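Summary of structural features
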Amino acid sequence: MPILLFLIDTSASMNQRTDLGTSYLDIAKGAVELFLKLRARDPASRGDRYMLVTYDEPPYCIKAGWKENHATFMSELKNLQASGLTTLGQALRSSFDLLNLNRLISGIDNYGQGRNPFFLEPSILITITDGNKLTSTAGVQEELHLPLNSPLPGSELTKEPFRWDQRLFALVLRLPGLASTEPEQLGSVPTDESAITQMCEVTGGRSYCVKTQRMLNQCLESLVQKVQSGVVINFEKTGPDPLPIGEDGLMDSPRPSNSFAVQPWHSCHKLIYVRPNPKTGVPVGHWPIPESFWPDQNLPSLPPRTSHPVVRFSCIDCEPMVIDKLPFDKYELEPSPLTQYILERKSPHTCWQVFVTSSGKYNELGYPFGYLKASTTLTCVNLFVMPYNYPVLLPLLDDLFKVHKLKPNLKWRQAFDSYLKTLPPYYLLPLKKALRMMGAPNLISDNLDCGLSYSVISYLKKLSQQTKLESERILASVGKKPPQEIGIKVKNHSGGGVSLTHNKNFRKLLKEIIGETAPRLTELNAKEFAGFQVGLLNKDLKPQTYRNAYDIPRRGLLDQLTRMRSNLLKTHKFIVGQDEDSLHSVPVAQMGNYQEYLKTLATPLREIDPDQPKRIHTFGNPFKQDKKGMMIDEADEFVSGPQNKVKRPGEPSSPLSSKRRRNVTVTHDVHEEKMENGQSSPDGFLSKSAAPELMNTAGDSIPSDQVDSLSDDFTSLRKDGLIHKPGSNALTEGTKNCSVSVDDRKVSVTSALETVPNTLQITPAMAQGINADIKHQLMKEVRKFGRKYERIFILLEGVQGPLAVKKQFVEFTIKEAARFKRRVLIQYLEKVLEKIESYHLLNHVNHINSRS
């Protein structure tokens, strides 16, 4: 789960404007929003966590942290304002402390027990600033300094404030205030020359010098590609350079060259990609990268480690070693001068061993724990992490399986014990697990020692408890505003020590406020303010400064009582300086949010006639109609008379046609409302297959004879989509007359789909709309709990079209039922499907016989 922390410069210098009139802060906000849109294209962004930090004083600089959701992040981003100093160092320290808040609790750093690349929280810290001078309360700073003191317990265990899975990238805004006449330069975006560039490179990131909006977009697309799961490692060469390889792939003779000259590939500070497991989404590994010290029981405390481990590689060509069933870890290196040099040698069958200085007990350089090797296709370079001192272990394990057949002799055991003495204690547990995976006997004692003293273990536990308390304190302050000053300190510049109340002007001002004297109007220039009139003071209106209730005139008692009650109960809706018109001033972002307004309304009263179709609200469109209640296409019209009569354009619509169209809508609306209210379908809506027993069942089962009769109705469809009833010469549609019972009263609604011999036929567009609505209703009905399946069969009966369409709908319903494990429903549907298939086969045979 990548963590994306945005550090936004909120100093006063971010108020400067560009040539487009927008401020730097607005550009920073837009850049964050654009980054989120670009990142959303990747499916892996679903697990992203976003944080927001500003230049405010800690802990109030954290606007969105570990517990805030995406909506809070966006709200805080929009409300940012630029004011204050450019305290970049303090803001960076607070950002890294926020990222490291839970690491000691989760044990992800694994201090003193090796570095596990598969234990990581990949974090990208993106800061957007203007690159101006760094300012603080002490003055202007020429260099970037991060405070050494951190409120986070355990920060002394790492020399740097960041960790190896955290990288810093900076977007330094250099947009001009005036439009430039020079043509814009194309190509890569250069790094900035400000103080933050060096800090970015130390963490494994980089800075971008943004001069145009196009360059900003280019940088954001580059940053999206930087969101990778991995850790940063320092690779440094040890020993002499390798012999050059000729074009034929053979070693050339040594050439006189300056072997002490520093090459770019000698020291690289790059990322290794830690790919997550495609099944679980979590990285999986087996072996750690060793510590740069030997754990000892006599150590009183752990030495502080560097954020990035220093891995030294030897340029002596070795043969890559591996045996069957022994697990190993493989990590791809980020492209760098080192990977380019290894690939140019074109030797994929050799490798360079890697070491960590002081990781062994008897060897200063330590023993190899893996190797660097080019891929077979020469497309990348991989770091293979093996067991510590693997050149000794792998031959021993090979002899154990092939020579001793898992029954080692005394000589083999002595050699294996000698190997274990060179192994750091924290490698014993992963080695024991690896041997168990290989099927080897138990060769390592169960009483494993981690190599740390009791005082160190107790200290780590204590730090974990302190971190929990500090974490709760920091998270509780997220989103809070810094405390405001209680009062304003005023310095006395008079020098005479005279009280303010003795001042003549002050006493005069008090009299004007109380109303004892009328204030003098300031003389205004009438020519300067033409068209304006100055309102004269109404002498009858005086401020209400009553201190005694008996001072209130009789005629003002009621007004004063209302005013006092409003002040006491706070029932007035207006704040000071707000008139009635300002209440209707709504921000553009909130306009049209009618659902939030509906939440504030009181619960509406019950309808007088609850059985009547409910009227939907017409907010914003008085002609809005319920699309679910429409069963016909507005472009199609019913025509009266014989079927072969076609309505010509321009002819007036028949009254009977419009009446039937309304009846169709009424029938469907009443039926939908009944079904959504949990009531059974009205009599007469089904064909003969919908027997009363089906409608009155409790939902546990459906008689098989009714299912058979239902399938018979399905198979009675002709190719033209009309139903042919035996014993009748009339052609009818799937829906019949609807007789609805409302409060013991019969309301008969004559359907437009009633029996009309040779006059009514549903158009293909109408059939498509009806089937789409039925399909949507089927999906809803299958999801419902219980075994009330009569509604499903009613919907299947109303499917319009030939027999093949009926079959498709039944198969679709079976698939939906399988998704929700409706086994009983599937059995009934399969019976219906068998009936349809048998009827279809019978028709096919009859058709062949008739042709022959």
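All of the points below concern the structure found in this document. (Residues numbered from 1 in each chain as written. Predicted model: local features only at pLDDT ≥ 70, side-chain atom pairs only at ≥ 80, totals over all residues. Heavy atoms only, no water.)

**Things to note about the sheet that holds strand β12 (residues 329-333)**
- Taken in spatial order, the seven strands line up as β9-β10-β12-β15-β14-β13-β11 and close into a barrel, and their pairing is mixed. Strand after strand, the sheet turns through a mean of 35° between neighbouring axes, direction not considered.
- In the sheet, strand β14 (residues 370-374) pairs with strand β15 (residues 381-385) via five bridges, with the strands oriented antiparallel. By the bridge assignment, Ala374 is partnered in β15 with Val381. (Pairing = 2+ DSSP bridges. Helix = DSSP H or I, 4+ residues; strand = E, 2+ residues; numbered from the N terminus. Axes fitted to C-alpha atoms, helices over the stretch in contact; angles between N-to-C directions.)

**Regarding the pattern of salt bridges**
- Overall, the coordinates contain 19 salt bridges when judged by the stated rule.
- In this structure, the salt-bridge partner of Arg103 is Asp165, at a minimum N-O distance of 3.2 Å. Residue Arg103 is found in helix α4 (residues 103-106), and its partner Asp165 is found in the loop between β6 (139-141) and β7 (166-173); the two are separated by 62 residues along the sequence.
- Each of Arg103, Asp109, Arg163 and Asp165 takes part in salt bridges that share partners, so that together they form one network. (Salt bridge = Lys/Arg side-chain N within 4 Å of Asp/Glu carboxyl O.)

**As for the state of the cysteines**
- According to the stated counting rule, one finds zero disulfides in the structure shown.
- Cys219 takes part in no disulfide bond, and the closest cysteine sulfur, belonging to Cys209, lies 8.9 Å away. (Disulfide = S-S within 2.5 Å.)

**Quick look at the nonpolar core**
- Counting 56 residues, the largest nonpolar core has Phe235 and Phe416 as the members making the most contacts within it.
- For this core, the leading source of residues is helix α8 (residues 390-402), giving six residues.
- Other than its neighbours up to four places away in sequence, Phe416 contacts Leu393, Leu396, Leu435, Leu443 and Ile444.
- Phe35, Tyr50, Ala64 and Met215 belong to the second largest nonpolar core, which has 38 residues in total. (Core = buried A, V, L, I, M, F, W, Y, C linked by side-chain atoms within 4.5 Å. Buried < 20%, exposed > 50% of the residue type's maximum accessible area, 1.4 Å probe, protein only. Contact = heavy atoms within 4.5 Å.)

**Some words on α8**
- Compared with the 18 Å implied by 1.5 Å per residue over 13 residues, the 18 Å span of α8 between its first and last C-alpha is a close match.
- Every buried residue belonging to α8 is among Tyr390, Leu393, Leu394, Leu396, Leu397 and Leu400, and all of these are buried. Down the axis, α8 shows its buried residues gathered within 165° of arc, on one side only.
- The secondary structure elements touched by the buried residues of α8 are β13 (351-355), β14, α9 (410-421) and α10 (428-438). (Expected span 1.5 Å × (residues − 1). Arc of directions from axis to C-beta.)

**Description of the environment of Thr137**
- Here Thr137 is to be found in the loop between β5 (134-136) and β6.
- Here the alpha-carbon distance between Thr137 and Thr87, two residues 50 residues apart in the chain, equals 9.1 Å.

**Some remarks on the side chain of Ser359**
- The residue Ser359 is located in the loop between β13 and β14 in this model.
- At 2.7 Å, the side chain of Ser359 and the backbone oxygen of Val356 are in polar contact.
- In this structure, Ser359 is in contact with Pro290, Glu291, Phe293, Trp294, Leu365, Gly366, Tyr367, Tyr388 and Pro424, ignoring residues within four places of it in sequence. (Polar contact = N/O pair within 3.5 Å; in protein donor to acceptor, adjacent residues only side chain to side chain.)

**Observations regarding unusual backbone geometry**
- Note that the residue after Pro58, namely Pro59, is joined by a cis bond; omega there is 0°.
- By the secondary structure assignment, Pro59 is in the loop between β2 (49-53) and β3 (62-64).
- With a phi close to 55°, Asn110 is a non-glycine residue in the positive phi region.
- Residue position: Asn110 is located in the loop between α4 and β4 (123-129).
- At Lys821, a position not held by glycine, the phi torsion is positive, near 60°.
- Along the polypeptide, Lys821 turns up in the loop between α20 (803-819) and α21 (823-851).

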